Amino acid sequence: MKVLYTGIRHESYNPARRDSFEYVNFFLTLKNMAGVEVFEQQFDRILDVGKKKYNEELLEIVRREKPSLLFAFMYTDELDPAILKEIKERTNTKSIAWFADDYWRFWNYSRHWASYFSWVVTTYSRAVDWYKNAGFDNVLLSQWACNEAEYKPIDMVKDIDVSFVGQYKSGRGKVIDALRRAGINVQCFGLGWPNGKVSHEEMLKIFGRSKICLNLADRKSLLDPSVIVRLFFRKSINRIVPDFHFVDNLRAYLHFPIIHTHARPFELAGCRVFVISGWSEHIGKYYKEDKEIVFYRTFPELVEKVRYYLPRGEERSLIARAAYDRTLDEHTYEHRFRDIFKAVGVN
């Protein structure tokens, strides 16, 4: 089966930065899947040839190669609606868009693109009804997962009590500060933290060294300047531009604080480490509570569970192993793709 993939190759269109999340987890998974021949039209090419030429090339590739699927990991406005409509209505290629962050982006982004694709994929369960109420029946519910080729166990001496790896955000900062005031030794890594960013290889070692790996689900406040600015500006390819769709942006803004499931719990579980994670919608559907991943719903509960599990290495190991086995059995991106292919009727 031929699949044409479109997405960003490098983070923020910057070739000096690492490969993007979507390239590593989606394109490379497709590339390694048996029975799939994948080729790509990277969004990064727009910077060289322009948006018009890029989309003309995309249509030309579809006509020439006749792929079974066009898979787009949507980012901003790289794709031309007229070209997408041409592919959907005048070729035999089925087009699929994976929409990230529909818990807020549905209102000012995803719903405006859904009609141009054969199918759209969302990871937020409530968004399924939002799409249907907006007149779209071409929606599939999927979920983030683990790329087991990139996230794998590294057995090391457990010399870090508690770790968090991820970008600093105000909500996360408050939790970490409170944990430290409670006497818990927690080390943080990522953009905005004093320890700074770490490479992927360093991150895996940090996971391996940690007795407890945290997944923080806390969101930014609506009063955070980086959230407020979304009312008036949007991303367009690699730029920030004014956006005057105030009603749409306001609806997106009001949904922004929703706690949601993202990829990190699956990635941590794939590294066979012990995880304490904030509770998010339906996360208990993917991992058994206290058997595969330990969840918390309030800050006092987080402190209590950290203190309970820190001295219990054997119990942590059993839970980590159970989550790892569950991940490889059910929660890899290959599993996600196979389910999507089946749902849209391709082999």
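Let me begin by describing the structure that accompanies this report. These figures come from a predicted structure and were not determined experimentally.

## Observations regarding the overall build of the protein chain
Alright, step 1. Within the protein chain one finds 15 helices and 13 strands.
Alright, step 2. The C-alpha radius of gyration of the protein chain comes to 21 Å, within 12% of the 20 Å expected for a compact globule of 347 residues.
Alright, step 3. Projected onto its principal axes, the C-alpha positions of the protein chain cover 60 × 45 × 40 Å.
Alright, step 4. Here the protein chain holds 347 residues, and 54% of them are scored as buried.
Alright, step 5. Looking at the protein chain alone, contacts between residues at least 24 apart form 69% of all its contacts between residues at least 6 apart.
Alright, step 6. Roughly 16000 Å² of accessible area belongs to the protein chain as shown, and the carbon and sulfur atoms make up 50% of that amount.
Alright, step 7. Taken as two groups, the 53 positive and 46 negative side-chain charges of the protein chain have centres that lie 2 Å from each other.

## Let's talk about a nonpolar patch on the surface
Alright, step 1. On the surface, Leu 223, Ile 228, Val 229, Phe 232, Phe 233, Ile 240, Phe 246, Leu 250 and Leu 254 cluster together into a nonpolar patch covering about 830 Å² of accessible area.
Alright, step 2. Here the nonpolar patch takes three residues from helix α10 (residues 246-255), the largest share from any one element.
Alright, step 3. Locating Phe 246 in the fold gives a position in helix α10.
Alright, step 4. The class of Phe 246 is partly exposed, set by a relative accessible area of 40%.

## Regarding the sheet that holds strand β12 (residues 275-278)
Alright, step 1. A sheet is described by the order of its strands in space; here five strands give the open sequence β8-β7-β9-β12-β13, paired in parallel fashion. A strand with exactly one partner marks an edge of an open sheet, and here the two such strands are β8 (186-189) and β13 (294-296). Between one strand axis and the next, the sheet turns through 25° on average, direction left out of account.
Alright, step 2. The strands touched by helix α13 (residues 299-309) are β7 (160-165), β9 (210-215), β12 and β13; relative to β13, the strand with the most contacts, the crossing angle is about 150°.

## Quick look at the nonpolar core
Alright, step 1. Counting 51 residues, the largest nonpolar core has Phe 26, Leu 30, Trp 144 and Phe 207 as the members making the most contacts within it.
Alright, step 2. By residue number, the principal contributor to this core is helix α1 (residues 21-32), which donates six residues.
Alright, step 3. Not counting residues up to four positions away in its chain, the partners in contact with Phe 207 are Lys 158, Val 165, Cys 213, Arg 264, Leu 268, Cys 271 and Val 273.
Alright, step 4. Counting residues in hydrophobic clusters, the runner-up holds 43 residues, among them Leu 4, Ile 8, Met 74 and Tyr 131.

## Observations regarding the environment of Thr 123
Alright, step 1. Position of Thr 123 among the secondary structure elements: in the loop between β5 (119-122) and α6 (125-133).
Alright, step 2. Using a relative accessible area of 11% as the deciding quantity, one classes Thr 123 as buried.
Alright, step 3. It is 15 Å that separates the C-alpha atoms of Thr 123 and Ala 72, two residues lying 51 residues apart in sequence.
Alright, step 4. Excluding anything up to four places from it in sequence, Thr 123 contacts Trp 98, Phe 99, Leu 141, Ser 142, Gln 143 and Trp 144.

## Looking at the packing of aromatic side chains
Alright, step 1. Counted according to the given criterion, the structure contains 37 aromatic pairs.
Alright, step 2. With 4.8 Å between their ring centres and 70° between their planes, Phe 26 and Trp 98 make a pair best called edge-to-face. Residue Phe 26 is located in helix α1, and its partner Trp 98 is located in strand β4 (residues 94-99); the two are separated by 72 residues in the primary sequence. Just as Phe 26 is buried, Trp 98 falls in that class too.
Alright, step 3. Ring geometry for Trp 279 against Phe 295: centres 5.2 Å apart, planes inclined by 90°, an arrangement best described as edge-to-face. Of the two residues, Trp 279 sits in the loop between β12 and α12 (283-286) while Phe 295 sits in strand β13, which places them 16 residues apart along the sequence.

## Quick look at the pairing of β5
Moving residue by residue along a regular strand, the side chains alternate between the two faces of the sheet.
Alright, step 1. Sheet topology note: the β4/β5 ladder contains four bridges and is parallel. Considered in β5, the bridge of Phe 99 is made with Thr 122.
Alright, step 2. Handedness of the crossover joining β4 and β5 through helix α5 (residues 102-113) is recorded here as right-handed.
Alright, step 3. Here three bridges tie β5 to strand β6 (residues 139-141), and the two strands are oriented parallel to one another. In the sheet register, Thr 122 faces β6, and the bridge partner there is Leu 141.

## A word on empty space enclosed by the protein
Alright, step 1. Evaluated as defined, the whole model comprises two cavities of 30 Å³ or more.
Alright, step 2. Considering only enclosed or pocket space, the largest cavity measures out at about 60 Å³ in volume.
Alright, step 3. Asp 101, Asp 102, Tyr 103, Thr 123, Tyr 124, Ser 125, Gln 143, Trp 144, His 260, Thr 261 and Glu 281 are the residues that line the largest cavity.
Alright, step 4. Considered class by class, the residues forming the lining of the largest cavity number three nonpolar, five polar and three charged.
Alright, step 5. Considered as a void within the structure, the second largest cavity measures approximately 30 Å³ in volume.
Alright, step 6. Counting only elements with at least two residues in the lining of the second largest cavity, the list comes to β3 (69-73) and α15 (333-344).
Alright, step 7. The element contributing the most residues to the lining of the second largest cavity is α15, with three residues.
Alright, step 8. Looking at the lining of the second largest cavity residue by residue, the classes come out as eight nonpolar, no polar and no charged.

## So, the pairing of β9
Alright, step 1. Counted residue by residue, β9 has five buried out of six residues, so it is predominantly covered.
Alright, step 2. As paired elements, β7 and β9 share three bridges and run parallel to each other. In the strand pairing of β9, Ser 163 is matched with Cys 213.
Alright, step 3. Relative to β12, β9 runs parallel, the two sharing three bridges. Paired with Asn 215 across the bridge in β12 is Ser 277.

How each quantity is defined
Counting restarts for each chain: residues are numbered from 1 in the order of the written sequence. Where totals are concerned, whole chains, interfaces and linings use all residues; where local detail is concerned, this predicted model gives features only for residues with pLDDT of at least 70, and gives and counts side-chain atom pairs only at 80 or more. Note: side-chain values were computed over all heavy atoms of the structure, leaving out hydrogens and water. Elements are defined by DSSP. Helices are runs of H or I of four residues or more, strands are runs of E of two residues or more, and each kind is numbered from the N terminus. Atoms counted for the radius of gyration: C-alpha only. Globule rule: 2.2 Å times residue count to the power 0.38. Each residue gets one of three labels from its accessible area relative to the maximum for its type: buried under 20%, exposed over 50%, partly exposed in between, using a 1.4 Å probe on protein chains only. Should any heavy atoms of two residues lie within 4.5 Å, those residues are counted as being in contact. Every accessible area reported is derived by Shrake-Rupley at a probe size of 1.4 Å, with residue values counting cover from the shown protein chains alone. Charge assignment: positive for Lys and Arg, negative for Asp and Glu; neither His nor the chain ends contribute. Working definition for charges: the position is that of NZ of Lys, CZ of Arg, CG of Asp or CD of Glu. The patches reported here contain residues having more than 30% relative accessible area and no salt bridge. Joining distances are 9 Å for like charges and 5 Å for nonpolar side chains (Val, Leu, Ile, Met, Phe, Trp, Tyr). We count a salt bridge whenever a side-chain nitrogen from Lys or Arg sits within 4 Å of a carboxyl oxygen from Asp or Glu. At least two DSSP bridges between two strands are required for those strands to pair. Interaxial angles span 0 to 180 degrees and are taken between N-to-C directions of axes, which are lines fitted to C-alpha atoms, for helices over the stretch in contact. Only buried residues count toward a nonpolar core, which is a set of Ala, Val, Leu, Ile, Met, Phe, Trp, Tyr and Cys residues joined through side-chain atoms within 4.5 Å. The pairing test for Phe, Tyr and Trp rings, Trp by its six-membered ring, is centres within 6.5 Å, and the orientation test on the planes gives stacked under 30 degrees, edge-to-face over 60, and tilted for anything in between. With the strands aimed away from the viewer, a crossover counts as right-handed if its path from the first strand over the helix to the second runs clockwise. Residues are said to line a cavity or pocket when one of their atoms sits within 4 Å of a point; the points come from a 1 Å grid over protein atoms alone, cavities being sets where a 1.4 Å probe fits but cannot get out and pockets being open sets with protein on both sides within 12 Å along at least five of seven lines. Grid points are joined across faces, edges and corners, and a volume is the space filled by probe spheres set on the points. Gly is put with the polar residues, along with every residue not named as nonpolar or charged; the nonpolar set is Ala, Val, Leu, Ile, Met, Phe, Trp, Tyr, Cys and Pro, and the charged set is Asp, Glu, Lys and Arg.

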